[in-house]
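Structural features, examined
For reference, the chains in residue letters:
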Amino acid sequence: MASITFSGTSGNSFFLPTASVSHYSNQNIRDGFNPLKKNLSDTKKKHNGRGLVSTNVASPPLPAVAPLLPRRESSNSGDLSHVAWTSVRQERWEGELLVQGEIPLWLKGTYLRNGPGLWHIGDYNFRHLFDGYAMLVKLQFEDGRLIAGHRQIESEAYKAAMKTQKLCYREFSEVPKADNFLSYIGELANLFSGASLTDNANTGVVMLADGRVVCLTETQKGSIIIDPTTLDTLGKFEYSDTLGGLIHSAHPIVTETEFLSLLPDLINPGYLAVRMEPGTNERKVIGRVDCSRGPAPGWVHSFPVTEHYIIVPEMPLRYCAGNLLKAEPTPLYKFEWHPESKAFMHVMCKASGKIVASVEVPLYITFHFINAYEEKDEDGRVTAVIADCCEHNADTTILDKLRIHNLRSYTGQDVLPDARVGRFRIPFDGSAYGKLEAALDPNEHGRGLDMCSINPAYLGKQYRYAYACGAQRPCNFPNTLTKIDLVNKKAKNWHDEGAVPSEPFFVARPGATEEDDGVVISMVSGKNGDGYALLLDGSTFQEIARAKFPYGLPYGLHGCWVPSK
């Protein structure tokens, strides 16, 4: 393997003790209390034996909340030794972490990460990684210091489960148990109306151009506004238009000027591309793509854009009404694999809504697109669109590998399905076929790849670098952080033995002129039940700082950056 590997440093980090929540209430925070603004004593630094700097911050203790939700997963479900796959031990916590290494002083703002934090109700264990009730984690950076915290998102699904101690809404693989046939019929009626669908916003979090921060999942009702400082749940994000529908892409494209999303149409198979202006809740239709084949639209968890176009993927992993109606999960949950329906990529003009290219491509499976850009000739005319994604070699078994039981019962065998940087080329010459190839040798990143980010300044533009989770095999889940160089077709990989890192998130240095000038943030679930926040240099990909949490946090999904005001 030609890549350069940087191993995670060993040794312990530290955390500052926290006081009772009675010292500082949420009202204190809303009324202006900011622990980063308090008068802190001078920072003392000392070098350790590995050349890192331990920054000891003497400060007043910050609030914590006593454990409310003890971990209750049954040992019958497999090996529970890894904290990544266990429920968080308390509903909320906040405190200042002691930093080992040095946080760049220019890093000012809050990284928010969303994801499942609770995979059980009472003694009942959920089935799938995507089922867990949403938990937000924050890393608040200012003046080289780090305030961390987490809190469960108070969705209706979560509050109902806590009150009744049973599942009340349909999650990714979970359906409320009907007491009798009549209640089952009633639940089906609620499914068609959307009333039984979850609002458990456990997938992503975005900051809109007007400053509102919204947590999202694939159900439209699962859009929830939160306070990025206190992590309070503020209320529903409700769309004011009449477009209707029950689901949307879990990953909209959000910039300073617009909010773009795709709405799958399950009745008349196709997709609506919609735009929402900053400061509004009203989506307006840009255009529609009819499905080329198949009984239903393909799963559209994410999609890419270029400067002038929206790319609409049509996977043969298609929504299945029959699977949705079943009370028990099928092997592919709410989807069905239809290779005979083939796979397509469509390109829509952002301005006119017209379809400028629709091509058949090799079969593919992807959750996450990385980026896309326009390929131009010497006269500046667009000749093709290039779209990159984390592609799972058209292998649907990745969904089953993400069952909680499979993740907890790892025995050391190499069972993670292969993945690659899949590069689509969609020609603009009227061709009926496009290409899908690996953008670099998958062995560069261990043939594992997902949970990607880029420098946001390069969204929709030609780019060189991507950051993702890769694999050091044998493994059953991505276990490295990898920096991919799409020009030199090489990768640098960070690995900490036994640890499970979450999405690497790139934050550019203010004023940077190089694409990789910044830091990469990840939260890592350690092998011994601990966890830490990790900062890597975006260019060298070497560790520059870490800060240990007072206890390990479960694996999370996607995040966003909220700059300091």
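These numbers were taken from a predicted model, which means no experiment stands behind them.

1. A short note on the overall build of the protein
Looking only at helices and strands, the protein has 6 helices and 40 strands in total. Taken over 565 residues, the protein has a buried fraction of 58%. For the protein, the accessible surface area stands at approximately 22,400 Å², while carbon and sulfur atoms represent 51% of it.

2. Considerations on the side chain of Lys-483
Within the secondary structure layout, Lys-483 lies in strand S33 (residues 480–485). A distance of 2.7 Å separates polar atoms of two side chains, one belonging to Lys-483 and the other to Asp-516. Residues contacting Lys-483, with those up to four places away along its chain left out, are Tyr-465, Ala-466, Tyr-467, Lys-490, Ala-491, Lys-492, Asp-516, Gly-538, Ser-539 and Phe-541.

3. Remarks on the nonpolar core
Core analysis: the largest hydrophobic core is formed by 75 residues, its most contacted members being Trp-85, Leu-129, Ile-310, Met-345, Leu-399, Phe-424 and Tyr-555. Considering every element that reaches this core, the biggest residue donor is strand S25 (residues 343–349), with 5 residues. Not counting the four nearest positions on each side in its chain, Leu-399 is found in contact with His-128, Phe-130, Phe-172, Trp-299, Leu-317, Leu-332, Tyr-333, Phe-335 and Phe-367.

4. Some words on the sheet that holds strand S17 (residues 233–236)
Sheet architecture is open: 4 strands sit in the order S14-S15-S16-S17, paired in antiparallel fashion. The open sheet has two free edges, formed respectively by strand S14 (204–207) and S17, since each of these has just one partner strand. Averaged over all neighbouring strand pairs, the angle between strand axes comes to 30°, with direction disregarded. As judged from the 4 bridges shared by S14 and strand S15 (residues 213–216), these two strands associate in the antiparallel manner. Pairing of Met-207 across the sheet is with Val-213, part of S15.

5. Here we look at empty space enclosed by the protein
A complete count under the given rule lists 4 cavities of 30 Å³ or more for this structure. Size it by volume and the second largest cavity reaches roughly 60 Å³. Lining the second largest cavity are 13 residues, and of these Leu-208, Ala-209, Phe-259, Met-276 and Pro-278 lie nearest its centre. Partitioning the lining of the second largest cavity into residue classes produces 6 nonpolar, 3 polar and 4 charged.

6. Some points on the UniProt feature "binding site: Fe cation" (unreviewed entry) in the protein
Residues annotated in UniProt with the feature "binding site: Fe cation" (unreviewed entry) correspond here to His-251, His-301, His-368 and His-558. These residues run over 308 residues, yet every pair of their C-alpha atoms falls within 12.6 Å of each other. Mapped onto the fold, His-301 is located in the loop between strand S21 (283–290) and strand S22 (309–314). In this structure, His-301 is in contact with Thr-203, Glu-218, Ser-249, Ala-250, His-251, Phe-367, His-368 and His-558, ignoring residues within four places of it in sequence. Looking at His-301, its side chain comes within polar contact range of the side chain of Glu-218, at 2.7 Å. Counting through the fold element by element, His-558 comes out in the loop between strand S39 (543–548) and strand S40 (559–563). With a relative accessible area of 6%, His-558 lands in the buried category. Discounting residues that sit within four places of it in the chain, His-558 has contacts with Leu-112, Arg-113, Asn-114, Thr-203, Gly-204, Val-205, His-251, His-301, His-368, Met-451 and Glu-503.

7. Quick look at the pattern of salt bridges
If the charged atoms of two oppositely charged side chains come close together, the side chains can form a pair. Counted under the stated rule, the structure contains 31 salt bridges. Taking the shortest distance from any N to any O, the salt bridge between Arg-212 and Asp-210 comes out at 2.9 Å. Owing to a relative accessible area of 22%, Arg-212 belongs among the partly exposed residues under this scheme. The exposure class assigned to Asp-210 is partly exposed, which follows from its relative accessible area of 34%. Between Asp-516 and Lys-483 there is a salt bridge whose closest N-O contact spans 2.7 Å. Linking Asp-516 in the loop between strand S36 (505–508) and strand S37 (518–525) with Lys-483 in strand S33, this pair joins segments that are 33 residues apart in sequence.

Parameters and conventions
Residues numbered from 1 in each chain as written. Predicted model: local features only at pLDDT ≥ 70, side-chain atom pairs only at ≥ 80, totals over all residues. Heavy atoms only, no water. Helix = DSSP H or I, 4+ residues; strand = E, 2+ residues; numbered from the N terminus. Buried < 20%, exposed > 50% of the residue type's maximum accessible area, 1.4 Å probe, protein only. Areas by Shrake-Rupley, 256 points an atom, 1.4 Å probe, with all protein chains shown as cover. Polar contact = N/O pair within 3.5 Å; in protein donor to acceptor, adjacent residues only side chain to side chain. Contact = heavy atoms within 4.5 Å. Core = buried A, V, L, I, M, F, W, Y, C linked by side-chain atoms within 4.5 Å. Pairing = 2+ DSSP bridges. Axes fitted to C-alpha atoms, helices over the stretch in contact; angles between N-to-C directions. 1 Å grid on protein atoms, 1.4 Å probe; cavity = no way out; pocket = protein on both sides within 12 Å on 5 of 7 lines; lining within 4 Å. Points joined across faces, edges and corners; volume = space filled by probe spheres on them. Nonpolar A, V, L, I, M, F, W, Y, C, P; charged D, E, K, R; others polar. UniProt positions renumbered as here; feature names shortened; annotations may be inferred. Salt bridge = Lys/Arg side-chain N within 4 Å of Asp/Glu carboxyl O.

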